[in-house]
Each structure stands twice: as C-alpha cells, then as structure tokens.
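# A look at the structure
Spelled out from the first residue to the last, the chains are:
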Amino acid sequence: MRVPVEVEDEKNEQVDAEEERARVEAAIRAGEEAAERELAADADKLREERDELQKKLADVEDQIEAAKKEATDATDRMLRLQADWENYRRRTAAERLAEKERAAEKLVTNLLPVIDDIERAIEHAGATEGDAQFQQFVDGVSAVHAKVLAVLAKEGVEPIDPAGEPFDPLAHQAVGRVEDAEAFDETVAQVYQKGYKMGDKVIRTAMVTVTYGGPKRPVEQAEDAGADADANNEDENEKDEA
C-alpha cells in the first residue's frame, strides 16, 4: 500500500517543526546556561571585589585605631613631660630659695660675733668716763651697730633678748642657775649672749641664766610659752622636710 504524498509531506513538515523547536529550545538552554555562567562569574567577581573592599576597610579601621592610640600615647607623654617639667621647675626654685636662705643664714651667722664685739665695746665704753670726743666716737659706733641691725632686720633677722621671760629650751641655752624666790621658777634672769632668729628659725640660741626656787608660773603663761615652742618646732620640722 502506498502512502499518499500529502501525508508524507505533512509528516516531514511535522518532523522539521519538531527539530526546529528542539534546536530553539537547545539554543535557549544554551543561552540560559551561558547567562547563568556569566552571572555566576560576575557574582564571583563582585564577591571578590566586596571581600577586597571589606579587607581594605578593615585595614583602614585598624590604621585609624592605631592612629588614635598613637595620638593618645603622645598626649599622655606630653602631659607626663609637662608634669615632670613643672615638678622640676618647682623643685629647682625651692632648691635655689633654700640655697639662698642657707647662704644668707651663713653670712648672718658669721656676722653675729662681730655684732657681739660691737655691743660689748659699746657697753664697756658706756661704763668708761671720757671726753666729748670719745663720746662722739661711741655714738658713731652705736649708730653703725643700729644700721647693721636694721639691715639684718630687712632680711628677717631678729635678736633674742629674753631677760625676764619664761625659759624656752628651743631658743635659750641655760649656762647657769640663779636662786630667786621672788621670780617665777624657770625665768630668764640674765642674758650673757643674745640669740638670733631668721624668720621663724632660731639660728643661734641665747645664752642665759635661769631662776629657781620661786613660785610656779601660772598655767596660762606656761601654756602660751609651750605653744610658742611647739610652733617653732613645727616650723623647723617643715623646713627640714622641705
């Protein structure tokens, strides 16, 4: 039996259409696969770029933190150096002042025997009769003595002449005792040699004699004398600590 030509053509056309459709679908799949591969490649590239940018960002953040730490350390060092400089400046100024005070104290201490000699000479001259010219000489020596004391007073030097005052072991040196029933016990009777203080510091104690055998000093006067002695002692301790 022979198939009609029309039927055979239709079959051929149907086969051709199916083949064409298969080719189109294959082409579409190939295009989709190529697109997927391209998108995957682009995605990988984007991920790599993202990772690289994140790494750079992390590096920048680390650099920023390091810079902040360096700035903080530099500020701390600067503050420490400034504090050290202030301490050095104050310490140097205190040392210079102390050295100046020691030098002045040494000079005054060396001058005290000279002042003692001048005072003894004036006292001896006052007990000696002489003419007007001799008296003028004595007055001149007294004027020089007064000027020396005035110069020392400007430097804070004051004499300690405690006759009749309560005995203070911090400012007075007892060289003898005198019985006196009318004076309070432990009262300065005579001053053999004046003492001197410079500011609040006693640089030479007064050489004195002290009474005994008399009534006890009233409590208030004794407490006042003790308070003055304690104050002088505290000042000495503060200077020694400085």
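The structure reproduced in this document is the subject of the present report. Note that the structure is predicted; figures quoted are calculated from it, not measured. (Residues numbered from 1 in each chain as written. Predicted model: local features only at pLDDT ≥ 70, side-chain atom pairs only at ≥ 80, totals over all residues. Heavy atoms only, no water.)

Pairing of strand β1 (residues 157–160) with strand β4 (residues 195–198) involves four bridges; the strand directions are antiparallel. Bridged to P159 within β4 is Y196. With three bridges connecting them, β4 and strand β5 (residues 201–204) associate as antiparallel partners. Along β5, the bridge assignment pairs Y196 with R204. Joining the antiparallel neighbours β4 and β5 is a turn of two residues, in which G199 adopts a positive phi near 70°. (Pairing = 2+ DSSP bridges. Helix = DSSP H or I, 4+ residues; strand = E, 2+ residues; numbered from the N terminus.)

Moving on, we come to the packing of aromatic side chains. Summed over the entire model, instances satisfying the criterion amount to one aromatic pair. Aromatic side chains W85 and Y88 sit 5.8 Å apart centroid to centroid with 35° between the ring planes, which places their arrangement in the tilted category. Taken together, the residues span about one helical turn, with W85 and Y88 both in helix α1 (residues 5–126) at a distance of three residues. It is R177 that lies over the ring of Y212; its NZ or CZ is 4.4 Å from the centre. (Phe/Tyr/Trp six-rings, centres within 6.5 Å; stacked < 30°, edge-to-face > 60°. Lys NZ or Arg CZ within 6 Å of the ring centre and 35° of its normal.)

The next point concerns the pattern of salt bridges. As enumerated under the stated definition, the model contains 11 salt bridges in all. The salt bridge involving E52 is made with K56; its shortest N-O contact spans 3.7 Å. You can see E52 and its partner K56 sitting in helix α1, four residues apart, about one turn around the helix. Overall, E52 belongs to the partly exposed group, its relative accessible area being 45%. A salt bridge links E86 to R89; its shortest N-O distance comes to 2.8 Å. Placement of the pair is E86 and R89 together in helix α1, with a separation of three residues, close to one helical turn. Exposure remark for E86: the relative accessible area of 26% places this residue in the partly exposed category. (Salt bridge = Lys/Arg side-chain N within 4 Å of Asp/Glu carboxyl O. Buried < 20%, exposed > 50% of the residue type's maximum accessible area, 1.4 Å probe, protein only.)

V108, L112, I115, L152, V157, Y196, M198 and I203 form the largest nonpolar core, which has eight residues in total. Elements with a minimum of two residues in this core: α1 and β4. Here this core takes three residues from α1, the largest share from any one element. Within the second largest apolar cluster, six residues are counted, among which are I160, A206, V208 and V210. (Core = buried A, V, L, I, M, F, W, Y, C linked by side-chain atoms within 4.5 Å.)

As a further point, take a negative patch on the surface. A surface patch of negative charge is lined by D59, E61, D62 and E65. For D59, the position within the fold is in helix α1. (Patch = residues over 30% accessible without salt bridge, like charges linked within 9 Å, V, L, I, M, F, W, Y side chains within 5 Å. Areas by Shrake-Rupley, 256 points an atom, 1.4 Å probe, with all protein chains shown as cover. Lys, Arg positive; Asp, Glu negative; His and termini not counted. Charge placed at Lys NZ, Arg CZ, Asp CG, Glu CD.)

Taken together, the three strands give an open sheet; going across it, the order is β2-β6-β3, and neighbouring strands pair in mixed fashion. Each end of this open sheet is capped by a strand with a single partner; those strands are β2 (172–179) and β3 (188–193). Adjacent strand axes in the sheet meet at a mean angle of 25°, parallel and antiparallel pairs treated alike. Of the pairings in the sheet, the one linking β3 to strand β6 (residues 206–212) comprises four bridges and is antiparallel in character. Bridge pairing in β6 links V188 to V210. (Axes fitted to C-alpha atoms, helices over the stretch in contact; angles between N-to-C directions.)

One open sheet accounts for three strands, arranged β1-β4-β5; its pairing is antiparallel. Two strands bound the open sheet, and with one partner strand each, they are β1 and β5. Geometrically, the sheet is characterised by an average inter-axis angle of 35° between neighbouring strands, direction not taken into account.

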